[in-house]
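Secondary and tertiary structure notes
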Amino acid sequence: MPYSSRHGLRLAWAALAAAACSPLPLAASRAAPGVDFAREVKPLLARRCFTCHGPTSAESGLRLDNPQSAMAELDSGRRAIVPGDAEASELFARVATADESMRMPPAGKPLAAGEIALLRRWIEQGASWRKHWAFIPPAPVAPPSVKRQAWVSNPVDAFILAKMEEAGLTPAAQADQRSLARRAYYGVTGLPPTLEQLDRFLADERPDAWPRLVDELLASPHYGEHWARHWLDVVRYAETNSFERDGEKPFAWKYRDYVIRSFNDDKPYDQFIREQLAGDELEPRTDDAVIATGYYRLGIWDDEPADPLQARFDEWDDILSTTSQAMLGLTVGCARCHDHKIDPISQTDYYGLLAFFADVTPYADIHERDPARYSLWDMSSPDERLRRESLRRRIEAIRQELTAIEDAGIARMSPQDQEIARTPDRARLLSERLQQYLNVSEWAQYQDARRRLDSTEGELRALPPADAALALGQCEPHPPATHILVRGNPHAPGAEVRPRFPEVFGAPAPTIPPAPPGARSAGRRRVLAEWIASPQNMLAARVIVNRVWQGHFGRGIVRSANNFGELGDPPTHPELLDWLALWLIEHQWRLKPLHRLIMTSSAYQMSNGGDPRGLAADPANDLVWRFDMRRLSAEEIRDATLATSGQLNRRMFGPSIYPKMSAEALATQSRPGDGWGTSTPEEQARRSVYIFVKRSLLTPLLTAFDLPDVDASCEARFVTTQPSQALAMLNSEFVNEQAGRFAQRVKADAGDDRRQQAAHAVRLALLREASPDEIEEGLKLMSRVADRHGGDADEALRYWCLTLLNLNEFIYLD
C-alpha cells in the first residue's frame, strides 16, 4: 500500500479514536491512574448491583450501568456517587455499613473488604467511567524504545520487551535449532519435519536460514490444512445436524476445503469474511464464494422441534452468536432476551443485527427434512442447472397448489385437528382425513396435483447427479419485518426493528434498498459483511490478529478470543494488539505476512527455559518472557503418529474419511453405527482435518486429547492431562497398529541389528540422536518383551516403538 494510503488510514483511525475518547459528562472523564474501571469496577457492579440497579431495573431511581444515571440525584435527594468524595457517596455508605437493614446488596454475602476498598479508591480518584478498551478504535502507536535494542528483531519485540523491562525481567535465551524447527513445522503445517528436512535446516549456515524456513513452510499446502482447523473450531464446523437423528449435511466437506484453499491462497481476511457472510451476493459470484455460504448451514438443526417457531429463532440466534463471536469478539447473543448485562449492547442492537440475516432460510423444511430446497446449490453446467431449476420451480408451484387445497380442508376440520396440522403429525392427519373435508372437485384437483408432483419429481431424479454444494441454496428476498421479542419469546413480538449496527460502534445507519423483482436475496448480508470487513471496524482486525497470535503462542494477547467485551480478559499487550491490527489492514489483510512477522520475532524464537526472577514475578508468563511449552493438539498427535510410522497419506481435499471405530464407540449412538461409513486403509491414513465430523460420534482418540464440542464456537481448546489419554496412546487399536507400522519402517531402514533399531527409532520419533542410556533402555525392553513372546523380535521392536510414541517429548513442543 502506498505511503499516502497508509498515512490516510492512520489519520482516520486517529480521528475515530479521538472521537471515542471525547470527554463524558460530569466527572466521568477524569483520569483514574490507580483503578481500572472497565477491568475492576464495572464487573463488580455488574455482578453484585445490576440485578436491582442495572439495565433492566432501577430501584429507587438508581441505575449503575452508565455514568449519567449513576451520578444523578436519587429519589432520596442524595447521590449514589459523588466523584472524589467516598464519604458523601450513598453507594459507598450502603456497601460499607455494618447495619444489615441498610447494607447493600440486600441478598447474598456482603461485599468483601477488598471490594469495598476498591470502590472507595475508585470514587476518591474521581470515579472515572472510561470506555472499555475494545470499544475505542485502535490508535496508531510507535513501537516503544527499549534498552536491549539488540534483542529486537522487528517491532513485535519492542512491544514485548518494553513490558518485560518495565517489570525488571529479561527474555529467555533463544531456543536451539532443533526445537525451533519442530515448533515452526508444527505451528505452520501441523506436521513434524522429516529427518531430511530437519537435517537440511540444521546444516544451513546462511544468516537468513530461519526466515527462509518460515517462507518455505508458509508456502506448503499443509499450512492451509493446519490453519483451517483453527477456523473450523471457531465456526463450529461439523457435517451432521445433531439431535436424535443427527442427519448428514451433504457436501459440508466442500466448505472445509474452501477454508483450506483460502488459507493456502492467502486470501485477504476481509474477503474471506465477505464470502462467508454474503458470497451469493458478491459480483462476480464465484464457485468459492457460493461454497463459502455453507457457513450458514454448519450449525445444529432440529428436524422435529416441539416449538417450530422457537427452533427457527434458535437457528437465527446460532448464526448471529457465532458471527459476533468469530468475527467481532462479542457475545451479542446475551442480548437476545434483554439488554446485555455488561456490554453496551441493547436488545434493539441484537434484533437489529438479526434483521441482516432475515433472508436466511431454515436449513430444511421440518416436514420434508430434506436440505435440497434451501441448503444445496447446484454447481452443474449452466444448461443442467437451468433444467434443474425449471423442474424445481414447477415442483414448488405444485407444492403451493397442494398446500392451498390442504389448508382449505384443514380450515373445515375440528379445532383439535387444526392444532395437529401445525405439528410434525400434519402428514399423517392429511393422509387419514383430508378427503373427508374436500368436495369432489377439490379432491380431483388435489389428486391431479399429486400426480403432477410425482411426475415432475421423477423427471428431476432422472437427471444426472448434480454437482452440489452446501450453501444458501434459497433465500427470502422480501423477508417479513423483524421484531424485538419480549423476553426472547418468539410468540411475543414487540416493536419492529430494521437492520442496524450496534450503537457502541458509532456507525451510520445502513442504507439497504428493497430487493428488486426477481432478486434471489434481500441484499442485507452484503451490507453487514462490508461493515464487519471494513478498515474502520474497530474489532474485526483485532480479533483475527489475536487468533493468529494464539495459534503461535498457545494463547492470545486477549485470552478470551471470542469475548473482547467487558467480562473478557483484558489484553496483556494492548498497544501491540492495536499495532498488529493496523499492520494487518495496511498489508491488505493478508495473514501469511502476519505469520512471518510473528515467527521472525525474537519473542517467538525464545526457549521455554525458566528463570527464578521471571517465575516469581510472572509465573503465568503474561509478559511473554519465555516461550510456553505446548502440547500437540489432538489432530497433530494423530497426524504425527501416522507420519512417524510412515503411513501418512498426504492427499488433500475431497469427501471426508471414516477411521475405523470400535463397536463400543459405535454403541454410544441411539442407533449404533448409523451414519458412520467405511473408508479404505489408505484413506483412513489421511490427515485428521479430513475425518468426518459427526456430532453424535466424535473420534475417540481426538476427544481424549480435547477435541472441542462442535455444537458451539470454540475460541480456544482446553489442554487437559487425564488417564484416558494414556489409555488411548497405549491401548487403542489405532496407535498399536501404527506402532507396528513404525517398527516395520525401522527394521527396513536399520536391518536386524537391535542396537541400530533402538537408535533409529528414537531418531525417527524424536528427531534427534539417541543417547547411550536410551539405546540401553530400548535393548532391555526389547529383550524382556522378546522373552515374554517366545523370542518374537518384531513384537519386541513394536513395543519399543509404542513406548516412543508415548513419550512427552513426542507429544510436547519446547
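Structure's up top.
Below you will find a few notes about this structure.

Calculation notes
- Note that residues are indexed from 1 along each chain, following the sequence as it is written.
- With the structure being a predicted model, the display of local features is reserved for residues of pLDDT at least 70 and the display and counting of side-chain atom pairs for 80 or more, all residues being used for whole-chain, interface and lining totals.
- As a rule here, side-chain values come from all non-hydrogen atoms in the structure, and water together with hydrogens is ignored.
- Only DSSP runs of H or I covering at least 4 residues are called helices, and only runs of E covering at least 2 are called strands; the numbering of each starts at the N terminus.
- We take the radius of gyration over the C-alpha atoms and set the globule estimate at 2.2 Å times the residue count to the 0.38 power.
- The contact definition used throughout considers only heavy atoms, calling two residues in contact when any of these lie within 4.5 Å.
- Using a 1.4 Å probe, accessible areas were evaluated by the Shrake-Rupley method; residue-level cover was limited to the displayed protein chains.
- A residue counts as positive if it is Lys or Arg and as negative if it is Asp or Glu; His and the chain ends are not included.
- By convention, the point assigned to a charge is CZ for Arg, NZ for Lys, CD for Glu and CG for Asp.
- The set of buried Ala, Val, Leu, Ile, Met, Phe, Trp, Tyr and Cys residues whose side-chain atoms join them within 4.5 Å is what this entry labels a nonpolar core.
- Note on classification: 1.4 Å probe, protein chains only; a residue is buried when its accessible area is under 20% of the maximum for its type, exposed when over 50%, partly exposed between these limits.
- Each aromatic pair joins two rings of Phe, Tyr and Trp (for Trp, the six-membered one) with centres within 6.5 Å, and gets the label stacked for planes under 30 degrees apart, edge-to-face for over 60, and tilted for any other angle.
- Only lysine NZ and arginine CZ atoms are considered, and such an atom sits over a ring when it is within 6 Å of the ring centre and within 35 degrees of the ring normal.
- Between Lys or Arg on one side and Asp or Glu on the other, a salt bridge is scored when a side-chain nitrogen of the former is within 4 Å of a carboxyl oxygen of the latter.
- For a helix, the expected span equals 1.5 Å multiplied by the residue count minus one.
- Of all possible arcs, the one meant is that of the directions from the helix axis to the C-beta atoms.
- All axes are obtained by fitting lines to C-alpha atoms, using only the stretch in contact for helices, and the reported angles, taken between N-to-C directions, cover 0 to 180 degrees.
- Any angle that is under 35 degrees is reported as roughly parallel, and any over 145 degrees as roughly antiparallel; angles of 65 to 115 degrees are reported as roughly perpendicular and all others as oblique.
- Definitions for this section: a left-handed crossing has its near helix turned counterclockwise from the far helix by less than a right angle. A right-handed crossing has that turn clockwise.
- Following the grouping adopted for this structure description, the nonpolar residues are Ala, Val, Leu, Ile, Met, Phe, Trp, Tyr, Cys and Pro, the charged ones are Asp, Glu, Lys and Arg, and the polar ones are all others, Gly among them.

**Section: the overall build of the chain**
Helices and strands together make up the secondary structure of the chain, namely 36 helices and 7 strands. For the chain, the C-alpha radius of gyration of 31 Å lies close to 28 Å, the compact-globule estimate for 814 residues. Overall, the C-alpha framework of the chain stretches about 90 × 80 × 60 Å when taken along its three principal axes. Intrachain contacts of the chain at a sequence separation of at least 6 include 70% that bridge at least 24 residues. Carbon and sulfur atoms form 53% of the exposed surface of the chain, whose accessible area is close to 35500 Å². In the chain, which carries 97 positive and 113 negative side-chain charges, the distance between the mean positions of the two groups comes to 1 Å.

**A short note on the nonpolar core**
Ranked by internal contacts, the top residues of the largest apolar core, which has 185 residues, are Tyr255 and Leu580. Among the nonpolar cores identified, the runner-up in size contains 28 residues, and Leu62, Ile81, Leu118 and Ile123 belong to it.

**Some thoughts on the packing of aromatic side chains**
Tallied over the entire structure, the rule returns 32 aromatic pairs. Ring geometry for Tyr237 versus Tyr255: centroids 6.4 Å apart, planes at 20°, classification stacked. With Tyr237 in the loop between helix H11 (221-234) and helix H12 (253-264) and Tyr255 in helix H12, this pair connects stretches of sequence that are 18 residues apart. The burial state of Tyr237 is the same as that of Tyr255; both residues are buried. Taken together, a centroid distance of 6.1 Å and an interplanar angle of 40° make the contact between Tyr255 and Tyr258 tilted. Here Tyr255 and its partner Tyr258 are both found in helix H12, 3 residues apart, which amounts to about one turn of the helix. By relative accessible area, which is 2% here, Tyr255 ends up buried. Of the residues examined, Tyr258 reaches a relative accessible area of 0% and is grouped as buried. What links up through ring pairs into an aromatic cluster is the set Tyr223, Trp231, Tyr237, Tyr255, Tyr258, Phe263, Tyr269, Phe272 and Trp589. Of note, Arg183 hangs over the ring of Phe627, and the distance from its end group to the ring centre comes to 3.7 Å. Above the face of the Tyr295 ring, Arg236 is positioned so that its terminal group lies 5.9 Å from the ring centre.

**Focus: the side chain of Asp246**
Its location among the elements puts Asp246 in the loop between H11 and H12. A relative accessible area of 3% means that Asp246 is categorised as buried.

**Concerning the pattern of salt bridges**
Under the defined criterion, the tally for this structure stands at 74 salt bridges. The salt bridge partner of Asp318 is Arg236, with a shortest N-O separation of 3.0 Å. Placement of Asp318 in helix H15 (residues 308-328) and of Arg236 in the loop between H11 and H12 is noted, with a sequence separation of 82 residues between them. Among the residues examined, Asp318 registers a relative accessible area of 16% and is labelled buried. With a closest N to O distance of 3.0 Å, Asp303 and Arg245 form a salt bridge. Highlighted residues: Asp303 in the loop between helix H14 (287-292) and H15 and Arg245 in the loop between H11 and H12, separated in sequence by 58 residues.

**Things to note about unusual backbone geometry**
With an omega of -5°, the peptide bond between Met104 and Pro105 qualifies as cis. If you trace the backbone, Pro105 turns up in the loop between helix H5 (90-96) and helix H6 (113-124). The amide bond that connects Glu283 to the next residue, Pro284, takes the cis arrangement and shows omega of -5°. Mapping Pro284 onto the fold places it in the loop between helix H13 (269-278) and H14. With phi around 50°, Asp246 is a residue other than glycine that occupies positive phi space. Notably, Asn621 is not glycine yet its phi reads approximately 60°, a positive angle.

**A look at the environment of Leu198**
Note on placement: Leu198 falls in helix H9 (residues 195-202). Taking the C-alpha atoms as reference, Leu198 lies 8.4 Å from Arg182; in sequence the two are 16 residues apart. Leu198 has contacts with Arg178, Ala181, Pro193 and Leu767, leaving out every residue within four places of it along the chain.

**Details of the environment of Asn731**
Position of Asn731 relative to the elements: it lies in helix H31 (residues 723-731). Judged by relative accessible area, which is 55%, Asn731 ranks as exposed. Between the C-alpha atoms of Asn731 and Asn649, which are 82 residues apart in sequence, the distance is 23 Å.

**Some points on helix H34 (residues 772-788)**
Counted at 1.5 Å a residue, the expected span for H34 with its 17 residues is 24 Å, and the 25 Å between its end C-alpha atoms agrees. For H34, the complete set of buried residues consists of Ile775, Gly778, Leu779, Leu781, Met782, Val785 and Ala786. Seen from one end, H34 has its buried residues packed into an arc of 165°, which puts them on one side. Summarising the geometry of H34, the exposed residues directed more than 90 degrees from the buried face are Pro772, Asp773, Asp787 and Arg788. On its buried face, H34 is in contact with helix H33 (754-766) and helix H35 (793-805). Just downstream of H34 lies Gly790, where phi reads positive at about 65°.

**Overview of the packing of helix H23 (residues 540-553) against helix H25 (residues 591-599)**
At a minimum axis separation of 11 Å, H23 and H25 run at an interaxial angle of 45°. As far as their axial angle goes, H25 and H23 are oblique. Here H23 and H25 pass one another in a crossing that is right-handed. Residues Ile544, Val545, Val548, Trp549, His552 and Phe553 of H23 touch H25, and the partners they reach there are Leu591, Leu594, His595, Ile598 and Met599. Of the residues belonging to the contact of H23 with H25, the class tally is 9 nonpolar, 2 polar and no charged.

**A word on H31**
Among all positions in H31, only Gln725, Ala728 and Met729 are buried. On an axial view of H31, the arc spanned by its buried residues comes to 90°, and they lie on one face. Turned more than 90 degrees from where H31 packs its buried face, Pro723, Leu727 and Asn731 sit exposed. Those residues of H31 hidden inside the fold are in contact with strand E6 (630-631), helix H27 (634-645), helix H30 (700-704), helix H32 (733-750), H35 and helix H36 (808-811).

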